Each structure stands twice: as structure tokens, then as C-alpha cells.
Amino acid sequence: MGVTDLLDGEWRRPARALLTIRRVECGLFLALPFLVVAVVVGVLTGPAQGTAVAALGAVVTGLALVSIRRRWHAWGYAERDDDLLVRRGVLIRRTSVVPYGRMQYVDVTAGPLDRRLGLARVTLHTAAAASDASIPGLPEAEATRLRDRLAALGEARAAGL
Amino acid sequence: MSDEGWRRLHPLTPLLRGWRFLLLVAAGLGQQSLRGDGLDRTYLGLAILGATAIALLVASVAWRRTRYRLTDTELQVDSGVLQRRSRRVPLARLQAVDVVRPLVARVLGLAELRLEVVGGGSSSEAPLSYLTEEDAQALRHRMLASTTGPTAGPAQAPADAVLVSVPTGTLVASVLLGGPLLATIVLLLLLVGAAAVQATAAVGFLVAALPVYAGVVTVAGKRVLEEYGFTVEESPQGLRLRHGLLDTRSQTIPQGRVQAIRILEPLLWRPFGWVRVEVDVAGYSGGHGEQQAATKALLPVAPRALAQALVGRVLGGPLPAAVAPVPARAAWRAPLSRRRLRAGLDHRHLVTTRGVLTTTTDVVPLAKVQSLRLTSGPWQQRLRLATVHADTAGRRLRGAQAHHRDAAEAGGLLAELTARTRVARRDSGR
């Protein structure tokens, strides 16, 4: 898209391991429930119905996997001299520009799956509730580096309200 | 710690703080006595007396343990009986100072001082209640004088110039032209419809609709009470708003603290050329419902030219005209409001308009923008459209949005805004 060309910067991506996490989540919360339902339906009403449910589950899971891949590709962030750019989304495309001077605080969070694969999410908060600048799937070292750099830059460029 | 400069709140504070509680107790006990078929009257009297004594005692101790002091850089408030609290409010963080006079306090010539600090939240609000009115006004003056610099001397007289004052007739008419008129029309239409089918149905309908109607009228009445006698004055510390019939409130908005402004023009006001102006100041937590509504308006109703002049004054300069239209294909996404969707940008402000029934104009000073965003939903992507958001701090107005612009133009606007907000931030000084 032309949008991100106008905002030039060195775009980076979340780690590939984020894909793995999303796929595991997809398997746990989508494919597995479908499988259970398919087995239950198959036992209770007959193999034909069970197969139908399983087929439906396979299609839905397939679509989810495609969507996961596309969404991973859509993620990007760029650290520029004065601001951080974050872009994301396929269905709804979003690009955020957050000036370092506007940052109130930075969060680094990691769920159980994230921790296993050594990933973390960095979130920037400004005084505006609508700001959404959050980058998932960063390797821990990169997340810490980003947090420290953002905090330092925020301190240096802090602007009053 | 030296005791120098520490002061207490007004001695009547415990009474004023306690009376609501007492009313509750009395009401509760009264109800009990009615239901409890002639329960022992003396017992009841003793209970009330005891509760009163305890409430007064607690409030008095709280009053004795509360003190405040204004230094050059901060307001210090110590309070609390069991859990002591020592609060320091840096004056540099002060967004606004309000003098509020609830009805009962007003009768006694007392007032409450309410501070709004950066970072909002109800806990950040630091009220001083109650003070004599002179004390409250003097304190407000001193605090604002130290935030805005040496413009005001210590004994500055409040020689405020009235910029706008809203006539009561206009206020009442404008409020009636909103909810009450619409409710009446809807009710009449429904009644006629129901009566045409069956006469008795209309009566049932009326009974059912009455509470809703009463609610609408109550809301309208409340608004008139709150915004009665609305005046906007210019004081050395910034704009001062005064309004209210029963509870009068005077708010000061320090210069350069306005985060966003919204100008509303409801359909029914258009024949009169009236508009309403709302303002958002960072950290204005507003607290409880009614105050929140009261602090919103910069001007409840006024002719457009006057409102625009005032907005220009608040923001310190003329505004760019919102003229840039959206492409014709945006009608597929926003068929009703497409013609209203406009944007204007200069080096200091972004102005956008939208709205179908109520024309809404959002103005954001570029120096106050917190973040910029560009979004494009599935429909918008198909139509090559995108929306540009300029987010600001504050709870009510969330900044300005330029909806459904051509995707390439929106990208350009985002890049332009990024550059211009950077310059504006630097120019506005730290």
C-alpha cells in the first residue's frame, strides 16, 4: 500500500515464532474443540454426521491458518528519529504513529506460550485512550532493547500536555 | 516540618459534610417507625441523636486533622484520621481550578475548590471543601497565577472581561428544541397512530410513554439548571466559565491547556444559526455524572459567528476552513453524511466535520496530538478509502477523525500531520 511508502522507515517484523504460537493457539482453541464435537456427534448420531462436522472443522481451521499467515505478514514496526510506526491488520488495516515525546509508559508482557518460545509483547501508552501501538512476538532481547530505547527517548523528548 | 502557612478548612465543614448522611439516617429511621407500628419513640429519638453525635464527632475529628498549604510550587493537603494522607499537587501539573458552590454551602457563603491535574482519574482530583468563598477565589487566583507565570501580581483584582453571556431565553429555547421537541413529536405520532387503530390503545400507550417522556423533560431541565446564566470571561489566567442556577460553578481553563474542541450544530438549531461548543481539557476527570456534564460545554448555545470567534480566541488564532471533500465513491460507505465529511489543515490545527443530523466539527491543535492513526476497514479497502485519526488526551472528545478519504490522500495527510505535529510540539515549547 502507498501509505507506508510515504512514511519511510526501516520496517521490521515480529519473530517467525509468533506464527508458531498463533498456530498452536488455533489448534488448541479451534481444531481441537471441533475434533471433540465431531467425535461426540459421530458416536451419538452416526459416522456421516461426524465426518461432516470434522470436514467443517477442517475448512474453518484452514481458513484460520491462512488468515494467521496473512496477519503475521501485515505486522510491522519502524523506529524513526522522532516516532514509532506500527502497522497491522488485514481485514482492518491500521497504521499508528506515536511520537516518542508523547509516551507515558511502556509495557512488556508475555503469556505462557510466549515465554516458552522466548517472545514478548511491547505496548506503548500515551495520554490518549485511542492510541494503539502494540507489537507482539518480539524476541525477549529485542523487546527489552526496544523498551529501554523507547523509555530513554521518551524521557529525552517528553513534551507537556 | 514547620507549621508555617498551614490552614484549616472552614469550621462548618463537618456540618455540611454530615447533613446528607443525617438525612439518610433520619429517613431510614422514619420509615422504620412507620412500618414498625408505633415502635418505642424514645428509642428512635435516642438512635437519631446517637447517630448524629457520632457522625458529627467523626466529621469534626476529620476536620481537625485536615490542613492545607500553598507553596510556590505545590499545594499540600494533609488529611485522614486513621490512615493519614499527605497529598502534594504540583502546580505545574494543574489543568484547571473550579470553584463549586453546592446549594447548601452557597446559603452559608461557602464553596468547594476542585483541582484538575494531568493524568485524570477520580483519585487525582483533589477537592478542598469547604472554604469561604473569598478564600476559595483567592486561592484559585494564587494557584493559577503561579501556573501561568508572573502576569498576575499577588493582589490581582478579578477584573475579568465578559466575552459571552448566554441569554436565558436562548438557553431554554435551545434545550427545548432538542430532546423534548423530538419526544413530543414521536409521542404525538405514535398516539395518532394508536388512536387510529383503537381508541383505548392510545390511552394505554400514553401511560406507558409517560415515564420516558418525564425522563426526557428531567434531563432537559437539569441541563437548563446547570447551564443557566452561562458566562465566559477572560481573566489573566485563562478563560473563566460561570454557570448554574442552584449549584453555581466557576471553572477556569488555563491558556493553552485545551486538548480538543467540538462544535455541534443540531438539525433543529439550524434555522436559528445556533451552535454548541464543547471543550476537553486534559485530566479533567469530571468525577460524578452531573459535574461531568457541566464541565463539558464551553458555550451551551450561541450564534455561530460568536462561537467561532470564541474558539479562535481559546486556540489563539484563526482556524483553517474544513473544505477538502471526500471522493464521490465514499457515498457507498457513508451515503448520508458524505457531503458533510470534510477536512482542513494548517500549521497549527486540524479541523474535520461529519454528522448526519447533528453537524459535528472537531478541532485539534496539532501541538496537542498524542498519536496519529490510519485505519481502513474491509469496505473502505474495496473503495480505496481510509480514515485518519488524530488522537488527543482527555475523556470526552477523542480528537479529530477525517473519515473516508481517498487512500492515497489519507496516506499523504498522515505523513503531513506527522511532520506538522512534530514542528508544532517543538514550537509549543516544553
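Positions within a chain are numbered from 1, following the residues in the order the chain's sequence is written. Both sets of labels track the order of writing: A upward for chains, 1 upward for ligands. Residue-level local features of this predicted model are given only where pLDDT is at least 70; pairs of side-chain atoms are given and counted only at 80 or more, and the full residue set underlies all totals for whole chains, interfaces and linings. Calculation of side-chain values draws on the structure's entire complement of heavy atoms; hydrogens and water are dropped beforehand.

Chemist: Would you mind showing me how to read the environment of Gly229(B) here?
Modeler: All names here are of chain B. Strands here are runs of E lasting at least two residues and helices are runs of H or I lasting at least four, both read from the DSSP assignment and numbered beginning at the N terminus. Assignment of secondary structure puts Gly229 in the loop between α7 (199-227) and β8 (231-235). When a residue's accessible area, from a 1.4 Å probe over protein chains only, is under 20% of the maximum for its type it is buried; when over 50% it is exposed; and in between it is partly exposed. Assessed through its relative accessible area of 33%, Gly229 is described here as partly exposed. Separated by 61 residues in sequence, Gly229 and Thr168 have C-alpha atoms that sit 6.5 Å apart. Contacts are assigned to residue pairs with any non-hydrogen atoms lying within 4.5 Å of each other. Discounting chain neighbours no more than four positions away, the residues touching Gly229 are Arg242 and His243.

Chemist: How should I be thinking about the domain arrangement of chain B in this particular structure?
Modeler: Put simply, an interface is often sized by how much accessible area is lost when its parts join up. All names here are of chain B. Marked domain ranges trace back to an automatic or database domain assignment. Here the domain parsing of chain B yields domain 1 (13-148), domain 2 (168-227) and domain 3 (261-427). Taken over C-alpha atoms, the centre of domain 2 sits 31 Å from the centre of domain 3. Across the boundary between the two partners, domain 2 contributes 11 residues, which contact 11 residues of domain 3. Carbon and sulfur atoms make up 67% of the area that domain 2 and domain 3 hide from each other, which totals about 920 Å². What counts as buried area is the accessible surface, traced by a 1.4 Å probe, that two parts surrender upon association, with contributions from both included. Of all residues in domain 2, the largest losses of buried area upon contact with domain 3 belong to Leu177, Glu226 and Glu227, amounting jointly to 48% of the total for that side. Any carboxyl oxygen of Asp or Glu that lies within 4 Å of a side-chain nitrogen of Lys or Arg is treated as forming a salt bridge with it. The interface formed by domain 2 and domain 3 holds one salt bridge in total.

Chemist: Would you take a moment to explain the interface of chain B and chain A for this structure?
Modeler: Contacts between chain B and chain A engage 33 residues on the former and 29 residues on the latter. Taken over both partners, the interface formed by chain B and chain A buries close to 2,500 Å², and the fraction arising from carbon and sulfur atoms is 56%. There are three salt bridges connecting chain B and chain A. Here Asp83(A) ties to Arg422(B) by a salt bridge, and the two come within 3.9 Å at their closest N and O atoms. Any N or O atom pair separated by 3.5 Å or less is treated as a polar contact, with the protein-specific requirement of one donor-capable and one acceptor-capable atom, and with residues adjacent in sequence counted only for side-chain atom pairs. Taken together, the links from chain B to chain A amount to 12 residue pairs in polar contact (both at pLDDT 80 or more). Sorting the residues of the side of chain B that touches chain A by element identifies β17 (371-376), α10 (378-382) and α11 (407-427) of chain B as the ones contributing at least two each. The element contributing the most residues to the side of chain B that touches chain A is α11(B), with 10 residues. Put simply, Ala, Val, Leu, Ile, Met, Phe, Trp, Tyr, Cys and Pro go in the nonpolar bin, Asp, Glu, Lys and Arg in the charged bin, and everything else, Gly too, in the polar bin. Here the side of chain B that touches chain A is built from residues that sort into 12 nonpolar, 13 polar and eight charged.

Chemist: Explain the side chain of Asp391(B) here, please?
Modeler: The topology assignment puts Asp391(B) in strand β18 (residues 385-391). Judged by relative accessible area, which is 0%, Asp391(B) ranks as buried. In terms of polar contacts, Asp391(B) uses its side chain to reach the side chain of Ser371(B), at 2.7 Å. Engagement of the side chain of Asp391(B) in a polar contact is seen with the side chain of Arg373(B), the distance being 2.9 Å. Discounting residues that sit within four places of it in the chain, Asp391(B) has contacts with Ala128(A), Ala130(A), Ser131(A), Lys368(B), Val369(B), Gln370(B), Ser371(B), Arg373(B) and Arg398(B).

Chemist: Help me out: how do you make sense of a positive patch on the surface in this one?
Modeler: For patch detection, residues must exceed 30% relative accessible area and be free of salt bridges, and they are connected within 9 Å for like charges or within 5 Å for nonpolar side chains (Val, Leu, Ile, Met, Phe, Trp, Tyr). What sets the accessible areas is the Shrake-Rupley method with a 1.4 Å probe; for residues, cover comes only from the shown protein chains. The charged-residue count follows a simple rule in which Lys and Arg add positive charge and Asp and Glu add negative charge, with His and chain termini not counted at all. To locate a charge, take atom NZ for lysine, CZ for arginine, CG for aspartate or CD for glutamate. Taken together, the side chains of Arg13(A), Arg16(A), Arg23(A) and Arg69(A) make up a positively charged region of the molecular surface. Note that Arg69(A) resides in helix α3 (residues 47-74).

Chemist: Whenever I open this one, the packing of aromatic side chains confuses me. Can you help?
Modeler: Any pair of aromatic rings gets described here by the distance separating the centres and the angle formed by the planes. Residues and elements named next belong to chain B. Any Phe, Tyr or Trp ring, taking Trp's six-membered ring, that has another such ring centre within 6.5 Å forms a pair; planes under 30 degrees apart are called stacked, those over 60 apart edge-to-face, and the others tilted. Scanning all chains against the criterion turns up two aromatic pairs over all chains. Here Trp269 and Trp274 contribute two aromatic rings whose centre-to-centre distance is 6.3 Å and whose plane-to-plane angle is 80 degrees, an arrangement assigned as edge-to-face. Assessed through its relative accessible area of 11%, Trp274 is described here as buried. Ring centres of Phe272 and Trp274 lie 4.7 Å apart, and the angle between their planes is 20 degrees; this geometry places the pair in the stacked category. Residue class for Phe272 comes out partly exposed when judged on its relative accessible area of 46%. Clustering of aromatic rings is evident, with ring pairs tying together Trp269, Phe272 and Trp274.

Chemist: I keep staring at the pairing of strand β3 (residues 93-99) of chain A and nothing clicks. Help me out?
Modeler: Regular strands place their side chains on alternate faces of the sheet. Residues and elements named next belong to chain A. Counting buried residues in β3 gives five out of seven residues, a clear majority hidden from the surface. Paired strands, as defined in this entry, are two strands with at least two bridges between them according to DSSP. For strand β2 (residues 83-88) and β3, the ladder comprises six bridges, and the chain directions are antiparallel. Its bridge partner lying in β3, Leu84 is registered against Val98. Here β2 folds back onto β3 in antiparallel fashion, the turn holding four residues, of which Gly89 has a positive phi close to 90 degrees.

Chemist: What is the right way to look at the sheet that holds strand β1 (residues 67-70) of chain B in this model?
Modeler: The pairing of strands in a sheet happens through backbone hydrogen bonds and is either parallel or antiparallel. Residue and element names in this part refer to chain B. One open sheet holds the three strands; their spatial order is β1-β2-β3, and the pairing between them is antiparallel. Of all strands in the sheet, those bounded by a partner on one side alone are β1 and β3 (85-90). Within the sheet, the average angular offset between the axes of one strand and its neighbour, ignoring direction, is 10 degrees. Pairing between β1 and strand β2 (residues 74-79): four bridges, direction antiparallel. Bridged to Arg69 within β2 is Gln76. To define axes, lines are fitted to C-alpha atoms, for helices over the stretch in contact only, and angles between the resulting N-to-C directions are given on a 0 to 180 degree scale.

Chemist: How do you make sense of the packing of helix α2 (residues 17-45) of chain A against α3(A) when you look at a structure like this?
Modeler: Working note: a packed helix pair is described by the angle between its axes plus the distance between those axes. Residues and elements named next belong to chain A. At a closest axis distance of 8 Å, the pairing of α2 and α3 adopts a crossing angle of 170 degrees. Taken together, the axes of α2 and α3 are roughly antiparallel relative to one another. Residues belonging to the contact of α2 with α3 are distributed by class as follows: 18 nonpolar, six polar and three charged. Here the word oblique covers every angle except those under 35 degrees (roughly parallel), over 145 (roughly antiparallel) and from 65 to 115 (roughly perpendicular).

Chemist: Help me understand the domain arrangement of chain A, please; the structure alone is not making it clear to me.
Modeler: All names here are of chain A. When the domains of chain A are assigned, the result is domain 1 (17-71) and domain 2 (76-157). A separation of 32 Å is found between the C-alpha centroids of domain 1 and domain 2. With nine residues of domain 1 at the interface, the matching set in domain 2 holds eight residues. Regarding the contact of domain 1 and domain 2, the summed buried area is about 690 Å², with carbon and sulfur atoms giving 81% of it.

Chemist: Help me understand the nonpolar core in this model?
Modeler: The nonpolar side chains of a soluble globular protein tend to be buried with one another. Note on terminology: a nonpolar core comprises buried Ala, Val, Leu, Ile, Met, Phe, Trp, Tyr and Cys residues joined through side-chain atoms within 4.5 Å. Residues Val232(B), Ile261(B), Val277(B), Leu298(B), Leu299(B), Leu310(B) and Val314(B) are the most contacted members of the largest nonpolar core, which totals 33 residues. The set of elements that each furnish at least two residues to this core consists of α5 (168-176), α7, β9 (238-243), β11 (258-265), β12 (274-281), β13 (297-303) and α9 (304-315) of chain B. For Val232(B), the residues in contact, after removing those within four places along its chain, are Ala161(B), Val162(B), Leu163(B), Val164(B), Leu239(B), Arg240(B), Leu241(B), Leu298(B), Leu299(B) and Leu310(B). Counting residues in each nonpolar core, the second largest holds 23 residues, with Leu85(A), Val97(A), Ala343(B) and Leu350(B) among its members.

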